[in-house]
Amino acid sequence: MQDDIKTQSPSLNETEPTLPSSDTTNPAIETPPIHLPLIDPTSNPEVLVFNLDDIKQLRNKYHILGILIGTLQQYPQQNIFLSVPLKLNIYEVLWLVQYHYAILINQLAYRNAKLKRRQEQSQGKVENDNLTENNILVVENCESEHDAKLAQTFKVSIQSYLSAYFKHSNTKSLSQLVNHYKYYKYLQNRGFYINPGLKFGGDLVIYPGDPLRYHSYSIVKFDVVDMYDIIVGGRLATSVKKNLILMEMKGEKKADDGDDADFANDTLLEQLFDDEDEPMCFSIEWAGFG
């Protein structure tokens, strides 16, 4: 017996936790922007957050989950319980920068400048207070002496970040980056918590609240045109008590692709940060299945 497919526009507005104002021209900022440490803007354009206070603010205020990639000494198997740093993907970074919730900081240059200043203040006699008696490196999770004014002098532009990202990434399609970020932004601006959806066969998994308290009810897939993928995705989603949300941009407006990283210019930023284009969304679930 053939299963019936129930297709409808997704009810993305059923549960919408409120977010701070997302007005790009005059954002309502109650707190200073978070400093996102860019480990090495030239060779390693990864954003790794070590500060626990920033991680709490990203999660509780802006619904940014990221991925913990650090290890915990008391757990020999590092596959469930992980620790800082928190790694942010490119869509999370772009969203935070677009709405002025965060700025990118050249972490290596900032730490070197901070050490140099301490050496000058103490006439060159500066000991590494992160080393124990057995020369074990110990770093606090919260930087008590963070110099915000000094850090802002090493601010990294979003253009530089994008150029470095494309140089060290396998993704070279501008249209894919622009469209996928618009999909992510559309969901993020509606207050959802978002996690990668690879383990469920999708691009994203969305939660109505913090994943520590709520289960996910939707798997999101981008730019699905193959009927086989739609059928398999719908059956898989229903088997794990979720629905499948398909997202596609309205019309045929696409960004121009390039062959190198020099295309991270103002035109790309206009396409990325344009809030006029909204994607089309459809939800699919198998009736009487699972």
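Being a predicted model, the structure only gives us computed values, none of them experimental. (Residues numbered from 1 in each chain as written. Predicted model: local features only at pLDDT ≥ 70, side-chain atom pairs only at ≥ 80, totals over all residues. Heavy atoms only, no water.)

Trainee: I would appreciate a short explanation of the UniProt feature "active site" (unreviewed entry) in the protein in the present structure.
Mentor: Per the UniProt entry, the sites bearing "active site" (unreviewed entry) are Tyr207, His215 and Lys242 in this numbering. In sequence the annotated residues extend across 36 residues, while in space they remain close, none of their C-alpha pairs exceeding 10.9 Å. Inspection of the secondary structure assignment puts tyrosine 207 in strand 9 (residues 204–207). Relative accessible area serves as the criterion here: at 11%, tyrosine 207 is assigned to the buried category. (UniProt positions renumbered as here; feature names shortened; annotations may be inferred. Helix = DSSP H or I, 4+ residues; strand = E, 2+ residues; numbered from the N terminus. Buried < 20%, exposed > 50% of the residue type's maximum accessible area, 1.4 Å probe, protein only.)

Trainee: What's the story with the confidence of the model for the protein in this structure? I'm lost.
Mentor: Atomic detail in the predicted coordinates should be set aside for any region of low pLDDT. When pLDDT is averaged along the protein, the result is 79; 73% of the residues meet or exceed 70. Scored below 50 in pLDDT, residues 1–11 makes 24 contacts in the model with residues more than four places away or belonging to other chains. Note on residues 20–29: pLDDT is under 50 here. Beyond four places in sequence and across chains, it has 15 contacts. (pLDDT = per-residue confidence, 0-100. Contact = heavy atoms within 4.5 Å.)

Trainee: In this structure, what is going on with the sheet that holds strand 2 (residues 34–40)? I would like to understand it.
Mentor: Each strand in a sheet pairs with another by means of backbone hydrogen bonds, the pair being arranged parallel or else antiparallel. Spatial ordering of the open sheet is given by 4-5-3-2-6-7, a layout of six strands whose pairing is mixed. Edge positions in the sheet fall to strand 4 (67–70) and strand 7 (155–156), since each of these pairs with one other strand and no more. The strands touched by helix 2 (residues 90–98) are strand 2, strand 3 (44–49), strand 5 (83–88) and strand 6 (102–106); relative to strand 5, the strand with the most contacts, the crossing angle is about 75°. Helix 5 (residues 158–167) rests against strand 2, strand 3, strand 6 and strand 7 of the sheet, and its axis sits at about 115° to strand 3. (Pairing = 2+ DSSP bridges. Axes fitted to C-alpha atoms, helices over the stretch in contact; angles between N-to-C directions.)

Trainee: Sorry if this is basic, but what is going on with the packing of helix 2 against helix 5 here?
Mentor: When two helices pack together, you describe them by how their axes are tilted relative to each other and by the distance separating the axes. At a closest axis distance of 12 Å, the pairing of helix 2 and helix 5 adopts a crossing angle of 170°. Relative to helix 5, helix 2 is oriented roughly antiparallel. Side by side, helix 2 and helix 5 meet where Ile90, Val93, Leu94 and Val97 of the first sit next to Ile158, Tyr161, Leu162 and Tyr165 of the second. Each residue belonging to the contact of helix 2 with helix 5 can be placed in one class, and the counts come to eight nonpolar, no polar and no charged. (Parallel < 35°, antiparallel > 145°, perpendicular 65-115°, else oblique. Nonpolar A, V, L, I, M, F, W, Y, C, P; charged D, E, K, R; others polar.)

Trainee: When you look at the packing of aromatic side chains in this model, what are you seeing that I'm missing?
Mentor: The way to describe two aromatic rings as a pair is by their centre distance and the angle between their planes. This structure, assessed with the given rule, holds eight aromatic pairs. Relative to phenylalanine 166, the ring of tyrosine 165 has its centre 5.7 Å away and its plane inclined at 80°; by these criteria the two rings are edge-to-face. As far as burial versus exposure is concerned, tyrosine 165 and phenylalanine 166 are alike and both buried. For the ring pair tyrosine 181 and phenylalanine 273, a centre distance of 6.3 Å and an interplane angle of 65° mean the geometry is edge-to-face. Linking tyrosine 181 in helix 6 (residues 174–188) with phenylalanine 273 in the loop between helix 8 (266–272) and strand 12 (279–287), this pair joins segments that are 92 residues apart in sequence. (Phe/Tyr/Trp six-rings, centres within 6.5 Å; stacked < 30°, edge-to-face > 60°.)

Trainee: Can you help me understand the pattern of salt bridges in this one?
Mentor: A pair can form between side chains of opposite charge whenever their charged atoms are brought close. By the definition in use, this model includes five salt bridges. For glutamate 46, the salt bridge is made with lysine 87, and the minimal N-O distance between the two is 3.7 Å. Here the residue glutamate 46 occupies a position in strand 3, and lysine 87 occupies one in strand 5, the gap between them amounting to 41 residues. In this structure, the salt-bridge partner of arginine 190 is glutamate 278, at a minimum N-O distance of 3.8 Å. Of this pair, arginine 190 sits in the loop between helix 6 and strand 8 (193–196) while glutamate 278 sits in the loop between helix 8 and strand 12, and the two are 88 residues apart along the sequence. The class of arginine 190 is buried, set by a relative accessible area of 18%. (Salt bridge = Lys/Arg side-chain N within 4 Å of Asp/Glu carboxyl O.)

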